[in-house]
There are 2 protein chains.
Amino acid sequence: MSVERRRREGGRARNAVPTKLPQLPRQDVVNPYPPMELLSADQVEAIHQTSLRILEELGIEVMSRRALDIFARAGATVDHASMTVRLDRGLVEQALATAPSSFTLTPRNPEKRVILSGAHINFGLVAGPPNVHDCVRGRRQGNYQDYCDLIRLAQSFNCIHLLGNQVCAPIELPANSRHLDTYRANLVHTDLVYHCSAIGAGRATDAIRMTAIARGLTLEQMKASPAVLTIISVNSPRRFDEAMSEGLVAMAEHGQAVVITPFTLMGAMAPVTLAGALAQQNAEALLGITLSQLVNPGCPVVYGAFTSNVDMRSGAPAFGTPENTKANVASGQLARRYRLPYRASNSNASNVADAQSAYETQMALWGAVLGHCNLVYHAAGWLEGGLTSSFEKLVLDVEMLQHMIEFLKPIAVDDAELAFDAIAGVATGGHFFASPHTLERYERAFYQPMVSNWQNYENWQLAGGLDATQRATRIWQRALAEYEEPPLDPAIREELDAYVRTRRAEIAAGEP
Amino acid sequence: MSVERRRREGGRARNAVPTKLPQLPRQDVVNPYPPMELLSADQVEAIHQTSLRILEELGIEVMSRRALDIFARAGATVDHASMTVRLDRGLVEQALATAPSSFTLTPRNPEKRVILSGAHINFGLVAGPPNVHDCVRGRRQGNYQDYCDLIRLAQSFNCIHLLGNQVCAPIELPANSRHLDTYRANLVHTDLVYHCSAIGAGRATDAIRMTAIARGLTLEQMKASPAVLTIISVNSPRRFDEAMSEGLVAMAEHGQAVVITPFTLMGAMAPVTLAGALAQQNAEALLGITLSQLVNPGCPVVYGAFTSNVDMRSGAPAFGTPENTKANVASGQLARRYRLPYRASNSNASNVADAQSAYETQMALWGAVLGHCNLVYHAAGWLEGGLTSSFEKLVLDVEMLQHMIEFLKPIAVDDAELAFDAIAGVATGGHFFASPHTLERYERAFYQPMVSNWQNYENWQLAGGLDATQRATRIWQRALAEYEEPPLDPAIREELDAYVRTRRAEIAAGEP
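Keep in mind it's a predicted model, so treat the numbers as computed, not measured. (Residues numbered from 1 in each chain as written. Chains lettered and ligands numbered in written order. Predicted model: local features only at pLDDT ≥ 70, side-chain atom pairs only at ≥ 80, totals over all residues. Heavy atoms only, no water.)

Asker: Got a sec to walk through the overall build of chain A? Specific residues and values, please.
Answerer: Helix and strand content of chain A: 20 helices and 21 strands. Relative to the globule expectation of 24 Å for 512 residues, the C-alpha radius of gyration of chain A, 24 Å, shows essentially globular dimensions. Overall, the C-alpha framework of chain A stretches about 80 × 55 × 45 Å when taken along its three principal axes. Here chain A holds 512 residues, and 65% of them are scored as buried. (Helix = DSSP H or I, 4+ residues; strand = E, 2+ residues; numbered from the N terminus. Rg over C-alpha atoms; globule rule 2.2 N^0.38 Å. Buried < 20%, exposed > 50% of the residue type's maximum accessible area, 1.4 Å probe, protein only.)

Asker: Outline the domain arrangement of chain A, listing residues and values.
Answerer: Residues and elements named next belong to chain A. Annotation of chain A at the domain level lists domain 1 (94–408) and domain 2 (415–464). Once you take the C-alpha centre of each, domain 1 and domain 2 turn out to be 39 Å apart. Each partner contributes to the interface: domain 1 provides 8 residues, whereas domain 2 provides 5 residues. For domain 1, the biggest contributors to the area lost against domain 2 are Glu399, Gln402 and Glu406; these three give 59% of the whole. On inspection of domain 1 and its partner domain 2, the count reaches 0 salt bridges. Our count for the domain 1 to domain 2 interface comes out at 5 residue pairs in polar contact (both at pLDDT 80 or more). Tallied by class, residues from the side of domain 1 that touches domain 2 come to 4 nonpolar, 2 polar and 2 charged. (Domains from an automatic or database assignment. Contact = heavy atoms within 4.5 Å. Buried area = accessible area lost by both parts, 1.4 Å probe. Salt bridge = Lys/Arg side-chain N within 4 Å of Asp/Glu carboxyl O. Polar contact = N/O pair within 3.5 Å; in protein donor to acceptor, adjacent residues only side chain to side chain. Nonpolar A, V, L, I, M, F, W, Y, C, P; charged D, E, K, R; others polar.)

Asker: Which residues make up the side chain of Asp191(B), and what are the values?
Answerer: All names here are of chain B. Looking at where aspartate 191 falls in the secondary structure, it is placed in the loop between α6 (178–189) and β11 (193–196). Among the polar contacts made by the side chain of aspartate 191, one reaches the side chain of lysine 112 at a distance of 3.0 Å. Ignoring sequence-local partners within four residues, the contact set of aspartate 191 consists of Pro107, Arg108, Asn109, Lys112, Gln155 and Pro486.

Asker: I'd like to hear about the relation of the copies chain A and chain B, residue by residue, with values.
Answerer: Applying a rotation about an axis and a shift along it to one chain copy brings it onto the other copy. Rotating chain A by 180 degrees about the axis while translating it 0.0 Å along that axis superimposes it on chain B, leaving an RMSD of 0.0 Å. Those values place the two copies in the arrangement expected of a two-fold rotation axis. By C-alpha distance to the rotation axis, the residue of chain A lying nearest is Ala355(A), at 2.1 Å. Most of the interface of chain A is mirrored in chain B, where 100% of its interface residues are also at the interface. (Least-squares fit on C-alpha atoms with pLDDT ≥ 70 in both.)

Asker: Give a detailed account of the pattern of salt bridges, specifying residues and quantitative values.
Answerer: Under the counting rule described, the total for this entry stands at 49 salt bridges over all chains. Here Asp181(A) makes a salt bridge to Arg504(A), at a shortest N to O gap of 2.4 Å. Of this pair, Asp181(A) sits in helix α6 (residues 178–189) while Arg504(A) is found in helix α20 (residues 490–508), placing the two residues 323 residues apart along the sequence. Given a relative accessible area of 11%, Asp181(A) falls into the buried group. In this structure, Asp206(B) engages Arg503(B) in a salt bridge whose closest nitrogen and oxygen atoms are separated by 2.7 Å. On the criterion of sequence distance, the pair formed by Asp206(B) in helix α7 (residues 201–215) and Arg503(B) in helix α20 (residues 490–508) is long-range, its members being 297 residues apart.

Asker: Provide a residue-level description of empty space enclosed by the protein, including the pertinent values.
Answerer: Residues and elements named next belong to chain A. One pass over the structure, following the stated rule, counts 4 cavities of 30 Å³ or more. Empty space within the largest cavity amounts to approximately 60 Å³. At the level of elements, α6, β11 (193–196) and α7 (201–215) are the ones that each hand at least two residues to the lining of the largest cavity. For the lining of the largest cavity, the element with the most residues is α7, which contributes 3 residues. Partitioned by chemical class, the residues of the lining of the largest cavity number 8 nonpolar, 3 polar and 3 charged. (1 Å grid on protein atoms, 1.4 Å probe; cavity = no way out; pocket = protein on both sides within 12 Å on 5 of 7 lines; lining within 4 Å. Points joined across faces, edges and corners; volume = space filled by probe spheres on them.)

Asker: Tell me what's going on with the interface of chain A and chain B, and back it up with residues and numbers.
Answerer: Tallying the contact residues gives 113 residues for chain A and 113 residues for chain B. A salt bridge links Glu458(A) to Arg139(B), with the nearest nitrogen and oxygen atoms 3.8 Å apart. With 9 residues, helix α12 (residues 355–370) of chain A is the largest single contributor of residues to the side of chain A that touches chain B.

Asker: Any details on the packing of aromatic side chains? Residues and values, ideally.
Answerer: Overall, the coordinates contain 19 aromatic pairs over all chains when judged by the stated rule. Look at Phe319(A) and Trp382(A): their rings are 5.3 Å apart centre to centre, the planes differ by 85 degrees, and that puts the pair in the edge-to-face class. Within this pair, whereas Phe319(A) is found in the loop between β17 (308–309) and α11 (322–337), its partner Trp382(A) is found in strand β20 (residues 382–383), the two being separated by 63 residues in sequence. Each member of the pair Phe319(A) and Trp382(A) is classed as buried. An aromatic cluster is defined as three or more aromatic residues linked by ring pairs; in this entry it consists of Phe263(A), Phe306(A), Phe319(A) and Trp382(A). Sitting over the ring of Phe420(A), Arg53(B) keeps its end group 3.6 Å from the ring centre. Between Arg139(B) and the ring centre of Tyr457(A), over which it is positioned, the NZ or CZ distance is 3.8 Å. (Phe/Tyr/Trp six-rings, centres within 6.5 Å; stacked < 30°, edge-to-face > 60°. Lys NZ or Arg CZ within 6 Å of the ring centre and 35° of its normal.)

Asker: Please set out the sheet that holds strand β3 (residues 77–79) of chain A residue by residue, giving values where relevant.
Answerer: Adjacent strands of a sheet pair through backbone hydrogen bonds, lying either parallel or antiparallel. Residues and elements named next belong to chain A. Spatially, the 4 strands line up as an open sheet ordered β3-β4-β2-β13, and their pairing is mixed. At either margin of the open sheet sits one strand with a lone partner, and together these are β3 and β13 (239–240). Pairing analysis gives 3 bridges linking β3 to strand β4 (residues 84–86), with the strands arranged antiparallel. Looking at the pairing, aspartate 79 lines up with threonine 84 of β4. (Pairing = 2+ DSSP bridges.)

Asker: So what about unusual backbone geometry? Which residues, and what values?
Answerer: Residues and elements named next belong to chain A. In this chain, serine 236 is followed by proline 237 through a cis amide linkage whose omega measures 0 degrees. As for its placement among the helices and strands, proline 237 is situated in the loop between β12 (229–234) and β13. Notably, methionine 83 is not glycine yet its phi reads approximately 55 degrees, a positive angle. Residue position: methionine 83 is located in the loop between β3 and β4.

Spelled out as structure tokens, the structure:
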């Protein structure tokens, strides 16, 4: 059809040869619509009250003498033998009064700061998998080369706002110092905010010090302008282990952000009922939030939610389920009850970057977005319930995140957009391809997908008949080929390298 | 781990051998939460006013003398030369005053009635593709055997509430009488509500008469208890063709339901802007709604929306895009402005049942559900932008619909669900597998998926390493093997067969 051909040729002529993979620009993402609410105000209050009862009557085990002392000094009831802390509601209220409702994290490139506030949504790279997969080289254990390639992809895709902690484990490097290698890689190959490890105070302070070097700041200045955040994973039910407790204290002392995330898988580490799991999640989160504020009133803290269910036939964790989606929406109501920034996840349980991985991801993502999640962790690259970082899934997730970013852009309604004159100018049964109203706007009117293929079947077959996952392979390969390292002052790079050398030697010598 | 093994064995012992594919029971689906609103009240009003201007100043071409006469008699301005109808707002308001805000369609099995009202959501089988695909036999032209197998699957999966019109074209049958074969198949192999063809009055009245036979009702009784519905596709921009206009009139005369659905693909058949496309969609829908009420005040009519965009590089239609998702939400606001039931679609533009087909479907589906769509057309089986009915996609869609149905079930919050005693009964760092609270509930606590696989990677590999699409093949094969035809009185079946024989002969002899 000649009109369509003309449109195609017009498109080619105007776009010229693209030098880089087309994608959305880096932008702050905001959900301009009210949050979805699955719980009534009474139901939120009932969950809140149950969580206070858990804190007051049952208590939480905190396996750190240092943290126990902090709680005891603040007036909490501490049983040192069982390492159990019982918190009365007054202490919780006091902590909530000092916890900031919003804050900003500033990486070495201040333009890539991350705002954890209100309706802002930030997408983080997957964190923590031991394994890596791509469709060219197959499944393998995590390693440093893949680590660097995956964070290079996060640097390359504008919709990924920050790095999670260890996108894969570089297992060929010594376990007690590999955090130094990954922090250095984060700071050299990207200019993004990153999560650090808080398994003990040492790993946390290394991240803070290295980031201070990269930003050219003192630790005191870093305290006033936080850059680093960490996930404090609670060993649910009702246990903070020693390393996480001490990591939390170290981060709070330095004014860096902690995300308190109970690991409340319904039926396994939490009650099989959603209300019960949310009450437990809430109690555990409030304990960690209280600790952060006792250490450093006003330090940045995030309400983390990871409530999902398990397969009751096998005990295997499941994600992107209807229950997980509900939890992602309802947890936002709890976080807002406390006026705290809110973290959830974009997870799935598929073993392969297939249709299941896509629909489970969509379920989790819609729950997070409708629930006004501020930090969508594991937003890109998560596979196998978190056991594998997938190059193809990362690209498919980028496509899904871009879809969501575009969906959240408000609909413009004015005379030009209502297009009465354009409608008057096209005959009944005609077409709008050649309308001036179309020609003025068509290049930017619609979202241009990265992965989606809209060819007709015959052309798609002629072009190789690749499915979305196969096309994703080509996209990550192209993105890596086009990757550009963000500029870094050579003196800073040397200082980072010197820090890593020194600390590696200290750790090898047995220092913490 | 012994606890997990015990849980698995418990699960096996209690479930015994399932005789049929496990799935959710047939149920009314209701969205208990308020609809999402992307447009302000002022923006809705601006779109409404623009659509009234289109109707008053530009008019709509209606290529049926009979329909033009109906408009002229009602006082509309009719230009018989150009077959253009201009409607003033008074006529539109009058029609909207008689159109029912809700109605029920009753098939031969009254338990499978479909309620088009308020927050009710009904999912329809894909309609209209010329082709069929499955992963065993590949892509082929539509045929009667596949037609019957696809509607048997709709009968088998409880979450599919009704049939669309011609799930595939049985092209080996004569074009002018194949509607009789498909109606008969619908009435014999299923007991569901079905859409009929309204390409001319004859095809519509055949459906009404055959359904009356199947229900044992007179046409007068059918008028008081509608059973059949049809899609009136508008040849956008601003044209109702002759066959659709006359099909609409025939359906309205018999008190059966019409869904007025403008084909407003932005940039092609509608303005490139969303507000403009919605204004045009609205004008076209209001014209069809007005015609239905002029023919038979109070007859059931549905506000249909199909606004999506095209790929501006090729002119190819795109679905499940951010723009399509926004249109699905915003069109619900327009339908509610008129207190009319609302139809949208669950579409995608992928050529294969892959990750793209899943994420595009999810986008469209969330838009429809959040927009309080009452009739989600093409909810299961749509592929290639509507050119192919896919057996595997049908199964993947059933899984996604079931996820959504479960998501919409409210969260229960009471003492038993809050589970304080269960939490008190599990030690810190322990687990809930053996908790009495869990044991009492675990079998029904969570949604059990049909397609999703939650095995760990090693077990999944040992089981064949099938992706979701490959597993879907086994599921439709099993569902067809387990299919049971719903009972039908042999006398009714004979009467249907006789009707088909008579009408086939009449049509062959040149009768309409």
